[in-house]
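Now for the letters of each chain:
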Amino acid sequence: MIRNPPTWFLLFELTTLFIIFPLLYFFDLIPVHKIIPLVVLFVYCVIVLGLNKPINPDRFKTKANWKAIVVRFLSLNIVIFLWIKFFSSNALFADFSVNKQLLLMTLIYPVSSAFPQELIFREFFFYRYEPLLNHKAVAIICNMILFSFAHLYFANWTILLFTFVGGLIFSLTYLNTKSLLVVTIEHSLFGILILSSGLADQFYKAF
């Protein structure tokens with residue numbers, strides 16, 4: 001294993017990955033296809049975890065408070081229904097017959113989006129920056145802010161609000177279970193629900 005990098009490097013890395021990258025996307029300053037930096041970021045996080053983090057036996061366990069996860073999921077259904085009713089003129093459900101690309105994205109969301117995001121924002125973030133954010137509450141708050149900030153590219157306050165709250169939910173799930181699988185499943189449920197709803201046009205933006 002490689003020893004922990006110095007504090008200055010962790011600060012530089014945190015700023016680059018979670019602040020500068022989203023700003024580059026927001027201002028459309030990515031000189032290559034925008035999926036490439038995301039793939040590079042994912043691979044970088046996988047390599048850092050592989051070289052530094054001890055093997056976590058709970059990483060793919062399924063033991064969790066599933067009752068609480070189901071309650072949160074059902075609650076999100078109600079929130080989305082009320083949100084569309086009072087804050088949107090869209091239909092309750094997305095029209096997949098018109099937007100085949102959205103249908104494909106919804107089907108592959110767990111693998112193409114939820115898993116990479118959870119590896120980066122939960123497993124990598126909480127392990128890598130523990131020396132900087134060694135207080136649990138501080139780490140969770142920073143994670144919520146940066147997770148929301150990462151969605152700045154969409155330029156939509158609804159997305160920023162939903163992802164801010166989602167950052168709290170996913171952080172607590174991961175920290176309580178230490179399972180990348182469990183938090184990916186929960187994230188997938190939330191994401192598929194939103195992409196299937198009338199809010200899909202706000203949450204889905206093709207590169």
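The rules behind these values
- Residues numbered from 1 in each chain as written.
- Predicted model: local features only at pLDDT ≥ 70, side-chain atom pairs only at ≥ 80, totals over all residues.
- Heavy atoms only, no water.
- Core = buried A, V, L, I, M, F, W, Y, C linked by side-chain atoms within 4.5 Å.
- Buried < 20%, exposed > 50% of the residue type's maximum accessible area, 1.4 Å probe, protein only.
- Helix = DSSP H or I, 4+ residues; strand = E, 2+ residues; numbered from the N terminus.
- Contact = heavy atoms within 4.5 Å.
- Axes fitted to C-alpha atoms, helices over the stretch in contact; angles between N-to-C directions.
- Parallel < 35°, antiparallel > 145°, perpendicular 65-115°, else oblique.
- Left-handed = near helix turned anticlockwise from the far one by under 90°.
- Nonpolar A, V, L, I, M, F, W, Y, C, P; charged D, E, K, R; others polar.
- Polar contact = N/O pair within 3.5 Å; in protein donor to acceptor, adjacent residues only side chain to side chain.
- Patch = residues over 30% accessible without salt bridge, like charges linked within 9 Å, V, L, I, M, F, W, Y side chains within 5 Å.
- Areas by Shrake-Rupley, 256 points an atom, 1.4 Å probe, with all protein chains shown as cover.
- Salt bridge = Lys/Arg side-chain N within 4 Å of Asp/Glu carboxyl O.
- Bend = angle between axes of the 7 residues up to and from the residue.

Novice: Hey, could you go over the nonpolar core for me, with residue numbers and the actual values?
Specialist: Among the nonpolar cores identified, the biggest contains 46 residues, and F18, I80, F124, F125, Y129, F162 and L199 are the most heavily contacted of them. For this core, the elements supplying multiple residues, two or more each, are α1 (7-26), α2 (35-52), α3 (66-87), α4 (100-128), α5 (136-149), α6 (157-177), α7 (180-195) and α8 (200-203). With 10 residues, α4 is the single largest residue contributor to this core. Setting aside chain neighbours within four positions, we find F124 in contact with E13, L17, F18, Y44, C45, V48, L49, L119 and Y129.

Novice: Explain the packing of α3 against α7 to me, using residue names and the numbers behind them.
Specialist: Contact pair α3 / α7: the axes reach a minimum separation of 10 Å and the direction vectors enclose 20°. The orientation of α3 with respect to α7, classified from their angle, is roughly parallel. Crossing angle aside, the handedness with which α3 passes α7 is right-handed. Judged by residue contacts, W66, I69, R72, F73, L76, N77 and I80 of α3 engage V182, I185, E186, L189, F190, L193 and I194 from α7. For the contact of α3 with α7, a count of residues per class yields 11 nonpolar, 1 polar and 2 charged.

Novice: An account of the environment of Y109 is requested, with residue identities and associated values reported.
Specialist: Structurally, Y109 is set in helix α4. In this structure Y109 comes out as buried when scored by relative accessible area, which is 9%. If we skip the residues at most four places from it in the chain, Y109 touches A114, Q117, H187, S188, G191, I192 and L195.

Novice: Explain the side chain of E118 residue by residue, including any values.
Specialist: Assignment of secondary structure puts E118 in helix α4. Within the structure, E118 has its side chain in polar contact with the side chain of R122 (distance 2.8 Å). Those residues in contact with E118 that lie beyond four places of it in its chain are E123, F170, L180, V183, T184 and H187.

Novice: Go over a nonpolar patch on the surface, please, and point to the residues and values.
Specialist: On the surface, a cluster of nonpolar side chains totalling about 710 Å² of accessible area is made up of V32, I35, I36, L38, V39, V40, V43, I47 and L51. Among the structural elements, I47 can be located in helix α2.

Novice: With reference to specific residues and values, describe α4.
Specialist: At I108, α4 shows its largest kink, close to 80°, and the proline P110 lies no more than four residues downstream. Structurally, the start of α4 carries an N-cap: the backbone nitrogen of Q101 is 3.3 Å from a side-chain oxygen of N99.

Novice: Please set out the packing of α4 against α6 residue by residue, giving values where relevant.
Specialist: Two elements in contact, α4 and α6, have axes whose closest approach is 11 Å; the angle formed by their N-to-C orientations is 55°. Here α6 runs oblique to α4, going by the angle between their axes. α4 and α6 meet at a crossing whose hand is right-handed. Across the interface between the two elements, E118, R122, E123 and F126 from α4 touch G167, F170, S171, Y174 and L175 from α6. Split by residue class, the contact of α4 with α6 holds 4 nonpolar, 2 polar and 3 charged.

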